[in-house]
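Breakdown of the fold
Here is what each chain is made of, one letter per residue.
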Amino acid sequence: MAIQWFPGHMHLTRKAIGERIKEIDVVIEMLDARLPGSSANPMLAELIKGKPALKILSKQDLADPVRTAKWLTHYNALPGVSALGLDTSMASPAKALIEACRQLAPNRVGMVKPMRVLICGIPNVGKSTLINTLKGKRAAKTGDEAGVTKQEARIALADDFYLYDTPGVLWPRIIVEQSGFNLAASGAIGVNAFDEEVVALELLNYLITHYPQALSERYKVQDVAQHTDESLLEAIGRQRGAIQSGGRVNTTKAADIVIHDFRSAALGRLTLETPQEFAQWLAEGKKADAERAVRKGALDKAPKKNRH
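A quick note: this is a predicted structure, and the numbers were derived from the prediction, not measured.

Per the stated rule, a full pass over the model turns up 10 salt bridges. In this structure, E29 and K55 form a salt bridge, with 2.8 Å as the shortest nitrogen-oxygen distance. Of the two residues, E29 sits in strand β1 (residues 26-32) while K55 sits in strand β2 (residues 53-58), which places them 26 residues apart along the sequence. Like E29, the residue K55 is buried in the burial classification. A salt bridge links D289 to R292; its shortest N-O distance comes to 2.7 Å. You can see D289 and its partner R292 sitting in helix α11 (residues 275-301), three residues apart, about one turn around the helix. Judged by relative accessible area, which is 19%, D289 ranks as buried. Relative accessible area serves as the criterion here: at 39%, R292 is assigned to the partly exposed category. Connected via shared salt-bridge partners are D25, R108 and R116.

If you want it as structure tokens, here you go:
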């Protein structure tokens, strides 16, 4: 099942970023530290056209610290890219953020050449919360749901440092299947765009392999590694009292419990992908996408009477 979510306002955001980028010195992309690869917008790479980039891994207090370190090393090794890990509840991240931008564009300083920075990211990645922390007040509306910010805003972090905030934006088509599941699990995709049970099962399938102890401790289920995702969801439902008439497990309720526990870090600090895993998923996604394009091209060229 492929998950897609690209509401109308995201088309407008894409256009606005394309226009704004011409006068921007540094682009900050906020990533979810629990899914850094899946939360990186491939559409943005096309739009920024080689501008210096600062990757901020937000919500690192919810992510696996060992994997966060690997992702920071991965991004810092890329040309023209710096990366920082931030917890958006930190009292004073502004200094580190401004200094990182200064290093990426050292010639932009003073009122004659003010630093102009664009900050963007997927929905619900913590961007508005970070901006409020930077300003020391509620400069941007926040909320634990996808798509709260709806228009661009300019914020002065210093006399010669301007930050342009943009609405959260995904991309028109997600070609990495696992990214769709991870984005849905994180809360970046609208609730009407996915099936909670399918997402919970995919989440459990990954956690059984990589974080069995976290599942065992949270749900008091023994021998987690011996379970399938479906049998574990059933066991969680029974353990949590998600029972309906006839003694059957309410799997929808059990799925909601699992997704909520991941988002709130009740399961502990988890990260759903490593740089190596995501690189493999991306390669597979690109291959499948190319094959799909070939099939579509052949179908478009075929006489209508031969189409099925």
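Read on for the rest.
This paragraph deals with helix α3 (residues 65-76). Given a rise of 1.5 Å per residue, 12 residues ought to cover 16 Å, and the 16 Å separating the end C-alpha atoms of α3 matches this to within 8%. Every buried residue belonging to α3 is among R67, T68, W71, L72 and Y75, and all of these are buried. The buried residues of α3 all sit within an arc of 145 degrees when viewed along its axis, so they share a single face. More than 90 degrees from the buried face of α3, the exposed residues found are V66 and T73. Between the side-chain oxygen of the N-cap and the backbone nitrogen of V66 there are 3.0 Å, and the N-cap of α3 in question is D64.

Helix α9 (residues 229-239) packs onto helix α7 (residues 196-210) with a crossing angle of 105 degrees between their chain directions and a minimal axis gap of 9 Å. The angle between the axes of α7 and α9 places the two elements in the roughly perpendicular class. Here L201, L204, N205 and I208 of α7 lie close against α9, whose contacting residues are D229, E230, L232, L233 and I236. When its residues are assigned to classes, the contact of α7 with α9 shows six nonpolar, one polar and two charged.

Turning our eyes to something else, we now look at the pairing of strand β5 (residues 153-158). By the bridge criterion, five bridges tie β5 to strand β6 (residues 161-165) in an arrangement that is antiparallel. Looking across to β6, one finds that R154 is bridged to Y164. Connecting β5 to the next strand, β6, in antiparallel fashion are two residues.

With that settled, consider the packing of aromatic side chains. On inspection of all chains with the given rule, the structure shows one aromatic pair. Directly above the aromatic system of Y162 lies the positively charged group of R154, at a separation of 4.2 Å from the ring centroid.

What follows concerns the packing of helix α6 (residues 177-186) against helix α10 (residues 251-263). Here α6 crosses α10 at 80 degrees, and the two axes come no closer than 8 Å. Taken together, the axes of α6 and α10 are roughly perpendicular relative to one another. Across from A184, A185 and S186 in α6, the residues of α10 making contact are I259, F262 and R263. The residue inventory of the contact of α6 with α10, partitioned by class, reads four nonpolar, one polar and one charged.

Our next topic: the environment of G168. Take G168: it is sitting in the loop between β6 and α6. In this structure G168 comes out as buried when scored by relative accessible area, which is 7%. Residues G168 and G126 lie 42 residues apart in sequence; the distance between their C-alpha atoms is 9.7 Å.

As summarised here, the arrangement of the six strands in space is β3-β2-β1-β4-β6-β5, forming an open sheet in which the pairing is mixed. Two strands close off the open sheet at either side, each with one partner strand: β3 (81-85) and β5. Between one strand axis and the next, the sheet turns through 25 degrees on average, direction left out of account. Note that β2 and β3 share five bridges and pair parallel. Across the sheet, residue L57 finds its bridge partner in β3, namely G85. Sheet strands touched by helix α4 (residues 94-104): β1, β2, β3, β4 (115-121), β5 and β6. Its angle to β2, the strand with the most contacts, is close to 155 degrees.

Conventions and cut-offs
Residues numbered from 1 in each chain as written. Predicted model: local features only at pLDDT ≥ 70, side-chain atom pairs only at ≥ 80, totals over all residues. Heavy atoms only, no water. Salt bridge = Lys/Arg side-chain N within 4 Å of Asp/Glu carboxyl O. Helix = DSSP H or I, 4+ residues; strand = E, 2+ residues; numbered from the N terminus. Buried < 20%, exposed > 50% of the residue type's maximum accessible area, 1.4 Å probe, protein only. Expected span 1.5 Å × (residues − 1). Arc of directions from axis to C-beta. Polar contact = N/O pair within 3.5 Å; in protein donor to acceptor, adjacent residues only side chain to side chain. Axes fitted to C-alpha atoms, helices over the stretch in contact; angles between N-to-C directions. Parallel < 35°, antiparallel > 145°, perpendicular 65-115°, else oblique. Contact = heavy atoms within 4.5 Å. Nonpolar A, V, L, I, M, F, W, Y, C, P; charged D, E, K, R; others polar. Pairing = 2+ DSSP bridges. Phe/Tyr/Trp six-rings, centres within 6.5 Å; stacked < 30°, edge-to-face > 60°. Lys NZ or Arg CZ within 6 Å of the ring centre and 35° of its normal.

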